[in-house]
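Observations on the three-dimensional arrangement
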Amino acid sequence: MTGLKYSLIIVLLLHKIHTQILPEKTMEPIVLVHGGAGDIPDSRDQGKHNGALIAARIGYRVLKETNSVLDAVEEAVKSMELDENFNAGYGSVLTLNETVEMEASIMRGSDLSSGCVTLLRDIKHPISLARIVMEKTPHNFLGGEGAMDFAVRQGIEILSPPGQLVTETARKALETFKKTQNLGSSQPGKTEIGHEGGTVGAVAIDRLGRIAVATSTGGITGKYVGRIGDTPLLGCGTFADDRFGGVSTTGHGESIMKFVLAKDIVNRIAFQGVSAQKATEESLKDMTNITGGTAGAITIDKDGNIGIYHTSQKMSWAYQKGDNLFYGIRHGENFTEKA
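Residues numbered from 1 in each chain as written. Predicted model: local features only at pLDDT ≥ 70, side-chain atom pairs only at ≥ 80, totals over all residues. Heavy atoms only, no water.

This paragraph deals with the pattern of salt bridges. In the structure shown here, the tally under the stated rule is 22 salt bridges. A salt bridge links E254 to R227, with the shortest nitrogen-to-oxygen separation between them at 2.9 Å. Of this pair, E254 sits in helix α7 (residues 253–259) while R227 is found in the loop between β6 (211–217) and β7 (238–241), placing the two residues 27 residues apart along the sequence. For D241, the salt bridge goes to R243, with nearest N and O atoms at 2.8 Å. Each member of the salt-bridge network shares a partner with another, and the members are D42, D45, K314, R330 and E333. (Salt bridge = Lys/Arg side-chain N within 4 Å of Asp/Glu carboxyl O. Helix = DSSP H or I, 4+ residues; strand = E, 2+ residues; numbered from the N terminus.)

Encoded structure:
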């Protein structure tokens with residue numbers, strides 16, 4: 001027994017020494033954002049670059065200050081919800097009835113906590129309401145009148161008079177859509193954005209590998225009133241799991257829903273052992289080949305590796321890692337500047 005006791009003491013001492021000498025595994029924090037995928041006119045590139053860079057900077061600063069990946073993705077998305085260059089919040093596209101109906105989702109990878117909202121009207125920051133649903137209800141998803149009533153009870157500002165989120169760009173896009181529709185050459189969702197804005201999203205990882213994802217959108221121009229897209233659906237527009245990674249998607253919502261795109265990307269990382277970039281690229285190509293719809297996605301895996309890809313013509317994106325900012329919008333583009 002004496003020998004066994006000595007052996008146990010030695011094992012315990014070695015364990016203590018090991019844990020004191022070897023620091024906890026850490027990695028470089030990253031905040032990665034996208035500003036939508038689709039047929040973006042060249043004239044809108046600079047506005048998208050600027051808005052994405054601002055969002056990445058804001059998210060990264062918040063992450064460093066609060067050490068909260070949820071705070072980081074929420075604030076990054078909020079900045080884009082205020083920017084009419086994007087199809088979320090102010091600048092959201094219009095339904096056939098010339099109204100704005102928005103949706104959003106947010107997810108924490110450590111425990112899969114989630115908040116999703118849809119069919120929102122006249123709310124400046126849908127992503128913040130999604131987070132409140134996650135934190136203050138027993139549910140994952142609220143929509144329509146129930147979500148609006150909940151927003152009022154939580155003190156969320158409802159803009160009055162209604163319609164303040166409608167921009168002139170969105171009006172013109174709907175007019176163009178209706179004209180081409182009358183000619184029989186347009187349908188809702190052929191591309192996500194056409195000449196107006198783009199769904200926004202953010203993925204963040206902190207130094208301990210904790211991941212969060214947030215996505216927000218106004219949908220697709222000319223959609224039916226009451227249409228719900230991929231953005232508020234877990235596994236489609238948003239997914240986060242600290243064991244594997246996090247993804248935010250953008251593009252043709254109906255195709256993304258059919259393919260369960262965000263979860264498909266994470267599954268490839270988890271079960272095929274491929275890189276974040278390869279998983280993102282191959283999943284998007286498969287989705288487009290099968291459904292005919294185009295999309296884009298941003299990914300961060302559990303080790304802090306990044307995946308960025310789109311089968312649409314363009315997708316605006318940016319991320320900050322350390323003192324460097326990286327951004328682009330076309331295939332093969334990767335600009336760098338100091339934060």
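Now, onward.
Core analysis: the largest hydrophobic core is formed by 50 residues, its most contacted members being V33, I106 and L120. In terms of residues, this core owes the most to one element, helix α3 (residues 69–81), which gives seven residues. When neighbours within four sequence positions are excluded, I106 is seen to be in contact with L70, V73, E74, S113, S114, G115, I127, A130, R131, M134, V213 and A214. Counting 35 residues, the second-largest nonpolar core is a separate cluster that includes V213, V247, Y309 and F326. (Core = buried A, V, L, I, M, F, W, Y, C linked by side-chain atoms within 4.5 Å. Buried < 20%, exposed > 50% of the residue type's maximum accessible area, 1.4 Å probe, protein only. Contact = heavy atoms within 4.5 Å.)

Below, the discussion takes up helix α2 (residues 45–66). Look at α2: 31 Å from first C-alpha to last across 22 residues, which is about the 32 Å you get at 1.5 Å a residue. Once α2 ends, the next one or two residues include N67, with phi positive near 55°. (Expected span 1.5 Å × (residues − 1).)

Further remarks concern the layout of surface pockets. The method is simple in principle: a probe with the dimensions of a water molecule rolls over the atoms, and the space it marks as empty is what remains. As a volume, the second largest pocket reaches approximately 190 Å³. Lining the second largest pocket, in full, are Q277, I306, I308, Y309, H310, W317, Y319, R330, H331, G332, E333 and N334. Where the lining of the second largest pocket is concerned, the elements lending two or more residues are β10 (306–310) and β11 (314–321). At four residues, β10 tops the list of elements feeding residues into the lining of the second largest pocket. For the lining of the second largest pocket, a count of residues per class yields five nonpolar, five polar and two charged. (1 Å grid on protein atoms, 1.4 Å probe; cavity = no way out; pocket = protein on both sides within 12 Å on 5 of 7 lines; lining within 4 Å. Points joined across faces, edges and corners; volume = space filled by probe spheres on them. Nonpolar A, V, L, I, M, F, W, Y, C, P; charged D, E, K, R; others polar.)

Okay, empty space enclosed by the protein next. For the structure on display, the rule yields one cavity of 30 Å³ or more. The computed volume of the largest cavity comes to approximately 50 Å³. A class-by-class count of the residues in the lining of the largest cavity yields one nonpolar, seven polar and four charged.

With that settled, the discussion passes to the packing of helix α4 (residues 126–136) against helix α5 (residues 144–153). Closest axis-to-axis distance for the α4/α5 pair is 11 Å, and the angle between their directions is 85°. Here α5 runs roughly perpendicular to α4, going by the angle between their axes. The residues of α5 that touch α4, namely those facing L129, I132, V133 and K136, are A147, F150 and A151. Residue classes in the contact of α4 with α5 are distributed as six nonpolar, no polar and one charged. (Axes fitted to C-alpha atoms, helices over the stretch in contact; angles between N-to-C directions. Parallel < 35°, antiparallel > 145°, perpendicular 65-115°, else oblique.)

Now for unusual backbone geometry. Trans peptide bonds make up most of the peptide bonds, and negative phi angles are found at most residues other than glycine. Along the chain, S160 connects to P161 via a cis peptide bond; the corresponding omega equals 5°. Topologically, P161 is positioned in the loop between α5 and α6 (168–182). Phi is positive for E98, close to 65°, though the residue is something other than glycine. Structurally, the position occupied by E98 is in the loop between α3 and β2 (102–108). Although it is not a glycine, L119 adopts a positive phi angle of roughly 55°. As for its position among the elements, L119 is in strand β3 (residues 114–120).

You can see K321 is positioned in strand β11. Contact partners of K321, with chain neighbours within four places excluded, come to E28, P29, I30 and Y60.

On to the packing of aromatic side chains, then. Overall, the coordinates contain four aromatic pairs when judged by the stated rule. An angle of 20° between the planes, with centres 6.1 Å apart, marks the rings of W317 and Y319 as stacked. Taking relative accessible area as the criterion, W317 reaches 5% and is therefore assigned buried. On the basis of relative accessible area, Y319 is assigned to the buried category, the value being 12%. Counting every residue linked through ring pairs, the aromatic cluster contains W317, Y319 and F326. (Phe/Tyr/Trp six-rings, centres within 6.5 Å; stacked < 30°, edge-to-face > 60°.)

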